[in-house]
Amino acid sequence: VLDFDPFSSDVVADPYGWYEKMRTEEPVHWSDRWGVWVVARYADVRFAFHDDRLSARHNVRQMGATEGVDLGLFGRVPTLPSTDPPLHTRLRRLINRAFTPSAVEALLPRIEAAVDAMFERVAEHGEFDVVRDVAGALPIVVIGGMLGLPLADARQLKEWTDALMVAFEGGRASTEQQAAASEAASLLADYFRDALKGRSAGTADLLERLMAAAEGDDALSNDEIVTTSILLLIAGNETTTGLMANGTQTLLDHPVELERLFADPTLVPLAVDEMLRFVGPVQMVLRTARQDIGLSGTTIPAGDGVALMIASANRDEEQFPAASNFRIDRSPNDHLAFGLARHFCLGAPLARLEVQIAMTTMLEKFTRIESAEDSAPVWGGSLQARRVTGVRCVVTRR
Ligand code: HEM
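Figured I'd write up the structure that's included with this text. (Residues numbered from 1 in each chain as written. Predicted model: local features only at pLDDT ≥ 70, side-chain atom pairs only at ≥ 80, totals over all residues. Heavy atoms only, no water.)

## Digging into the overall build of the protein
Now for step 1: When helices and strands are tallied, the protein shows 17 helices and 14 strands.
Now for step 2: Structurally, the protein occupies a C-alpha span of about 60 × 55 × 40 Å along its principal axes.
Now for step 3: The burial tally for the protein puts 56% of its 398 residues in the buried class.
Now for step 4: In the protein, once contacts between residues fewer than 6 apart in sequence are set aside, the share between residues at least 24 apart is 75%.
Now for step 5: Accessible surface, the protein as shown: approximately 16,800 Å² in total, 51% of it carbon and sulfur.
Now for step 6: Positive and negative charge centroids in the protein, built from 39 and 56 side chains respectively, lie 3 Å apart. (Helix = DSSP H or I, 4+ residues; strand = E, 2+ residues; numbered from the N terminus. Buried < 20%, exposed > 50% of the residue type's maximum accessible area, 1.4 Å probe, protein only. Contact = heavy atoms within 4.5 Å. Areas by Shrake-Rupley, 256 points an atom, 1.4 Å probe, with all protein chains shown as cover. Lys, Arg positive; Asp, Glu negative; His and termini not counted. Charge placed at Lys NZ, Arg CZ, Asp CG, Glu CD.)

Here you go:
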C-alpha cells in the first residue's frame, strides 16, 4: 500500500517519515514500484544480516544503478560487497591481512595534520562550508595516502570517483554522465594497473600490503588488487564525507547537544556513533533471497530482492529509547549504520577515526559554531549515500 519511491528527491530529502510509516504499518512489504521487499524494523534487519538464506548478489537496477555505464574491469572482477562465501570469505581474509587495525591507527598523525591544515585555512574567514572546505576533501586524501598514492593525485582521483558514483545513483544520470562514469572506470583501472607496476609486495603502504597478503599459496591477483583499490575509493569517499557533513549539520540543528560537546569533548566518540545512527549516509543495503524467508509474519519468496532499510532500523523505538532524539552520549548504541556480520564495513575504524578527529579539531579551534544566516540544509545524493550538499558555518576562533 505504501508507495515509497527510494529514488525520488523528496524521499531522499526526508525519508524518516516514510520509515516510521513502514515500521508501524507494513514492516515487511513488497514494493511494486521498486521491485523489492522492503524491511524496516530493527529486529528484522538485524536478523536478515545474519541469515545465510540471503545472498549479497543483487540486481544493479534495484540499487538504482544505471545500466548504461560500462564498469569495465570493476564490473567483471567481483569485489567484496557483491560476493558470497566461499569467494567473499577468501577475499575478505586476504584484504583483512592488509587493511589491519594497526594500518589504520598509523594514519592518525596524517589525518590530524590534514584536518588541522584544512581548518586553519578557513579559520581566519570566520565563515566556511564544512563540505567544500573539509569533509569533501579529507577522505580521498586519507585513503589515497593509505594506498601510497601521491598527494598530488588526490584531486584527479576524487574527480574520477565522483564521476563513477553516477553509475550507482541511477535513473537521473544523463547520457553524458553515464559516458563520463564509463570513462572514469576505465581510467581508474589503468591508474591502479600503473601504480602496481612500480611496486612489489611489502609493508610500506596498503598497495604493497595487498600485494603481500597471502593465505597458504593463495594471494590476490593483480586484477583483484585493482578492483579492491577502486572499491576502497568508492566505498570510503562519499560515505565519510556524508557522515562528517550530516553530523555537523545535526549538531548545528541541536545547539544544546553541541554545547554539551564543547563542554566535554571526550564525548566525541559516542557523538560520532550517534551521528551514524541518526543521520548515517548509507540508508539501505540490498540482498536477494536464496530460499523462502519469514520475517515479521511475511514470507519473502526465493529469488526476490530485499532492501534492508538500516536507517529505518536505526530509528526503531523498540531498540532505541526516544529514537527520534539526537543524544550525543547515547549508550548503548547498537546502530546498523555500518551493516553487520560478514559484510560489516571494512572501513568502519577508518571512517570513525577521520570523523572523530575532524570533530575534535573543530571543537578545539573554535569557541562558537553556528549555521550561516541564510543557509538552509539541502539533502541530496541517494539512499545509498545520503548527505547535505553544504554546511555553511559561522565560527569564532579560540
Ligand atoms: C561513514 C562512512 C561509512 C559508512 C556509513 C559505510 C557503510 C557501509 C555499510 C552499511 C556496509 C555494508 C554493506 C552491505 O552489507 O551490503 C559497508 C561495507 C563496506 N565498506 Fe563501508 N562505510 C563507510 C566508510 C567506509 C570506508 C572509509 C571504507 C574504506 C576505506 C569502506 C569500505 C567498505 C567496504 C570495502 C565494504 C564491503 C565489505 C564487505 O562486503 O565485506 N567504507 N560500508
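From this point on, the discussion continues.
## So, the pairing of strand 12 (residues 379–382)
Now for step 1: Note: strand 12 against strand 13 (residues 385–388), 4 bridges, orientation antiparallel. By the bridge assignment, G380 is partnered in strand 13 with R387. (Pairing = 2+ DSSP bridges.)

## A word on the sheet that holds strand 1 (residues 28–31)
As a general point, the strands of a sheet are linked pairwise by backbone hydrogen bonds and lie either parallel or antiparallel.
Now for step 1: Strand order in this open sheet of 5 strands is 1-2-10-7-3, and the pairing throughout is mixed. Only two strands of the sheet have a single partner each, and these edge strands are strand 1 and strand 3 (54–55).
Now for step 2: Bridge analysis of strand 3 against strand 7 (residues 285–289) gives 2 bridges, and the strand direction is antiparallel. Looking at the pairing, S55 lines up with T288 of strand 7.
Now for step 3: Helix 3 (residues 42–50) rests against strand 1, strand 2 (36–39), strand 3, strand 7 and strand 10 (305–308) of the sheet, and its axis sits at about 125° to strand 10. (Axes fitted to C-alpha atoms, helices over the stretch in contact; angles between N-to-C directions.)

## What about the site of the ligand?
Now for step 1: Around the ligand, 28 residues are found, and the nearest of them are H88, R92, R287, H343 and C345.
Now for step 2: A distance of 3.4 Å separates an oxygen atom of the ligand from a polar atom in the backbone of L80.
Now for step 3: Residue assignment for the shell around the ligand shows that the elements contributing at least two residues are helix 5 (87–98), helix 13 (222–253), strand 7 and helix 17 (348–365).
Now for step 4: Considering every element that reaches the shell around the ligand, the biggest residue donor is helix 13, with 7 residues.
Now for step 5: Here the residues of the shell around the ligand sort into 18 nonpolar, 7 polar and 3 charged. (Near = heavy atom within 4 Å. Polar contact = N/O pair within 3.5 Å; in protein donor to acceptor, adjacent residues only side chain to side chain. Nonpolar A, V, L, I, M, F, W, Y, C, P; charged D, E, K, R; others polar.)

## Considerations on the nonpolar core
Now for step 1: F99 and L164 are the most contacted members of the largest nonpolar core, which has 118 residues in total.
Now for step 2: A total of 12 residues in this core trace back to one element, the largest contributor, which is helix 13.
Now for step 3: In this structure F99 touches V104, I143, M146, L206, L232, L346, G347 and L350, once residues within four positions along its chain are discounted.
Now for step 4: Membership of the second largest hydrophobic core comes to 21 residues, among which are I300, A323, L336 and L340. (Core = buried A, V, L, I, M, F, W, Y, C linked by side-chain atoms within 4.5 Å.)

## So, the sheet that holds strand 11 (residues 366–371)
Now for step 1: Here 3 strands make up an open sheet; going across it, the order is 4-14-11 and the pairing antiparallel. Pairing within the sheet leaves two strands with one partner each, and these edge strands are strand 4 (127–129) and strand 11. Between one strand axis and the next, the sheet turns through 30° on average, direction left out of account.
Now for step 2: Note that strand 11 and strand 14 (residues 392–397) share 5 bridges and pair antiparallel. Counted as the bridge partner of S371 is C393 from strand 14.
Now for step 3: Contacting strand 11 and strand 14, helix 17 crosses the sheet at an angle of about 110° to strand 11.

## Here's the deal with the coordination of the iron atom of the ligand
Now for step 1: What the protein offers the iron atom of the ligand as a donor is a single atom, C345 (SG), at 2.3 Å.
Now for step 2: Secondary-structure assignment places C345 in the loop between helix 16 (310–313) and helix 17. (Donors = N, O, S within 2.8 Å, 3.2 Å for Na, K, Ca; no water.)

## Observations concerning the side chain of D5
Now for step 1: The topology assignment puts D5 in the segment before helix 1 (9–13).
Now for step 2: Judged by its relative accessible area of 18%, D5 is buried.
Now for step 3: Polar side-chain contacts of D5 include one of 3.0 Å to the backbone nitrogen of F7.

## Remarks on the environment of A341
Now for step 1: Looking at where A341 falls in the secondary structure, it is placed in the loop between helix 16 and helix 17.
Now for step 2: Take A341: its relative accessible area is 33%, and that puts it in the partly exposed class.
Now for step 3: Along the chain, A341 and D51 lie 290 residues apart, while their C-alpha atoms are 9.3 Å from each other.
Now for step 4: Setting aside anything within four residues of it in sequence, one finds A341 in contact with F49 and H50.

## A look at the layout of surface pockets
Now for step 1: When its volume is computed, the second largest pocket comes out at roughly 370 Å³.
Now for step 2: Along the wall of the second largest pocket there are 16 residues; nearest its centre are A137, I140, V141, A154 and R155.
Now for step 3: Top contributing element to the lining of the second largest pocket by residue count: helix 7 (residues 108–123), with 5 residues.
Now for step 4: Its residues assigned to classes, the lining of the second largest pocket comprises 9 nonpolar, 2 polar and 5 charged. (1 Å grid on protein atoms, 1.4 Å probe; cavity = no way out; pocket = protein on both sides within 12 Å on 5 of 7 lines; lining within 4 Å. Points joined across faces, edges and corners; volume = space filled by probe spheres on them.)

## As for the packing of helix 15 (residues 268–279) against helix 17
Helix-helix packing is characterised by the crossing angle of the two axes and by the distance between the axes.
Now for step 1: Two elements in contact, helix 15 and helix 17, have axes separated by 9 Å at closest approach and are oriented at 120°. Of the possible angle classes, the one that applies to helix 15 and helix 17 is oblique. For the crossing formed where helix 15 meets helix 17, the hand is right-handed. Across the interface between the two elements, V268, P269, V272, D273, M275 and L276 of helix 15 pack against R352, V355, Q356, M359, T360 and L363 of helix 17.
Now for step 2: Considered class by class, the residues forming the contact of helix 15 with helix 17 number 8 nonpolar, 2 polar and 2 charged. (Parallel < 35°, antiparallel > 145°, perpendicular 65-115°, else oblique. Left-handed = near helix turned anticlockwise from the far one by under 90°.)

## Considering unusual backbone geometry
With glycine set apart, most residues show a phi of negative sign, and most peptide bonds adopt trans.
Now for step 1: In this model, P85 is joined to P86 through a cis peptide bond whose omega is 5°.
Now for step 2: With respect to the helices, strands and loops of the structure, P86 is situated in the loop between helix 4 (73–76) and helix 5.
Now for step 3: The omega angle of the peptide bond from S331 to P332 is 0°, so this bond is cis rather than trans.
Now for step 4: Residue position: P332 is located in the loop between helix 16 and helix 17.
Now for step 5: Phi is positive for S296, which is not a glycine, with a value near 45°.
Now for step 6: Position of S296 relative to the elements: it lies in the loop between strand 8 (293–295) and strand 9 (298–300).
Now for step 7: For S296, a relative accessible area of 38% corresponds to the partly exposed category.
Now for step 8: Of note in the backbone geometry, A341 takes a positive phi value of approximately 65° without being a glycine.

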